[in-house]
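# Architecture and fold: a report
Listed below are the residues making up each chain.
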Amino acid sequence: MHSFERDASGRITAVVYRSNGIDHWQRCAAVFLCAGAIETPRLLLHLGLANSSGQVGRNYMAHVATQVWGIFEQEMRPNRGFPASLITEDMLRPPDADFSAGYLVQSLGIVPVTWATQVARGRGLWGQRLVDYIQKFNHVAGIGINGECLSQPGNFLELSDEIDETGMRKPRVNFSYGANERSMSQHAAKFMTAAWQAAGASDIWTFERSAHTIGTCRMGTDRDNAVVDGSGRSFDVENLWICDNSVFPSALAANPALTIMALSLRTAEAFLGRGAP
């Protein structure tokens, strides 16, 4: 799908999608845009739609997802079981924090190919040194965090100069940690390293990373500072609803999947409660 048709009042009357190089029109009474925090704002920016606030693509966030890994004498087999089977929220508001918000800590699961790639990136190991280290895979174990990320003016999505096969400009994400995220990552690395030392791990190391795409079409009560209202309905286009992780006004400190599901139910109930669209 790459375009909408609208009537004189601004309502969307049809979506335009391309299949096998041919454009097709599908008439509609309402549109639910659920493409995620990258593709949803990309389409809206491409069409110049639902952006009177100037907030489409803004407020991009990603969880601070620092990990700590170590080697144990006993077999850990990190590719087995549910990845986040153990979680603690003790650090959601740590008393010694020099940053706002907090993070949860969880066990990690990983498959060998992802592990090898991560070791190459995180430890700078190549060739025989990399081969030797990943032979220890069955004895490694890791813990990691999901940490809240604050929205900042410099973190946003925009359209690049590259064009895809539909003629749409590709997205470009500008993102980096601020002082708050850097302090959180340092605090977490210290906490998790101490935990792994107490558990008897050796060769402990930290892998800096971020996870999940959040924000870019945030919800709010003020149409001048938000893209959709609290039910996910566009302030600008009466029959456009956005229902994905782009509407998050803040990152929280947990995997966004369940919140996306909850917001989906909330949006559906609000839509159905209105009667005919």
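Residues numbered from 1 in each chain as written. Predicted model: local features only at pLDDT ≥ 70, side-chain atom pairs only at ≥ 80, totals over all residues. Heavy atoms only, no water.

This part covers the pairing of strand β11 (residues 169-174). In terms of strand pairing, strand β10 (residues 156-163) meets β11 through five bridges, oriented antiparallel. Residue pairing across strands places Phe156 opposite Asn174, the latter belonging to β11. Connecting β10 to the next strand, β11, in antiparallel fashion are five residues, including Gly167 with a positive phi near 90°. (Pairing = 2+ DSSP bridges. Helix = DSSP H or I, 4+ residues; strand = E, 2+ residues; numbered from the N terminus.)

The tally for this structure, following the rule as stated, stands at eleven aromatic pairs. Measuring from ring centre to ring centre gives 6.5 Å for Phe99 and Tyr103, while their planes differ by 35°; the resulting arrangement is tilted. Summarising the aromatic geometry, the rings of Trp115 and Trp205 are spaced 6.0 Å apart at their centres and angled 50° between planes, so their arrangement reads as tilted. Highlighted residues: Trp115 in helix α2 (residues 112-123) and Trp205 in strand β12 (residues 202-207), separated in sequence by 90 residues. For the pair Trp115 and Trp205, one class covers both residues: buried. Members of the aromatic cluster, connected to one another through ring pairs, are Trp69, Trp115, Tyr133, Trp205 and Phe207. Lying across the ring of Phe156, Arg58 places its NZ or CZ 4.5 Å from the centre. (Phe/Tyr/Trp six-rings, centres within 6.5 Å; stacked < 30°, edge-to-face > 60°. Buried < 20%, exposed > 50% of the residue type's maximum accessible area, 1.4 Å probe, protein only. Lys NZ or Arg CZ within 6 Å of the ring centre and 35° of its normal.)

Here the focus is helix α5 (residues 257-273). Over its 17 residues, α5 runs 24 Å from end to end, which matches the ideal 24 Å to within 8%, given 1.5 Å per residue. Residues of α5 that are buried: Leu263, Thr267 and Phe271. Down the axis, α5 shows its buried residues gathered within 75° of arc, on one side only. Pointing more than 90 degrees away from the buried face of α5 are the exposed residues Leu258, Met261, Leu265, Glu269, Leu272 and Gly273. Elements that come into contact with the buried residues of α5 comprise β4 (31-33) and β14 (240-242). (Expected span 1.5 Å × (residues − 1). Arc of directions from axis to C-beta. Contact = heavy atoms within 4.5 Å.)

Any functional reading would require information beyond the geometric quantities listed.
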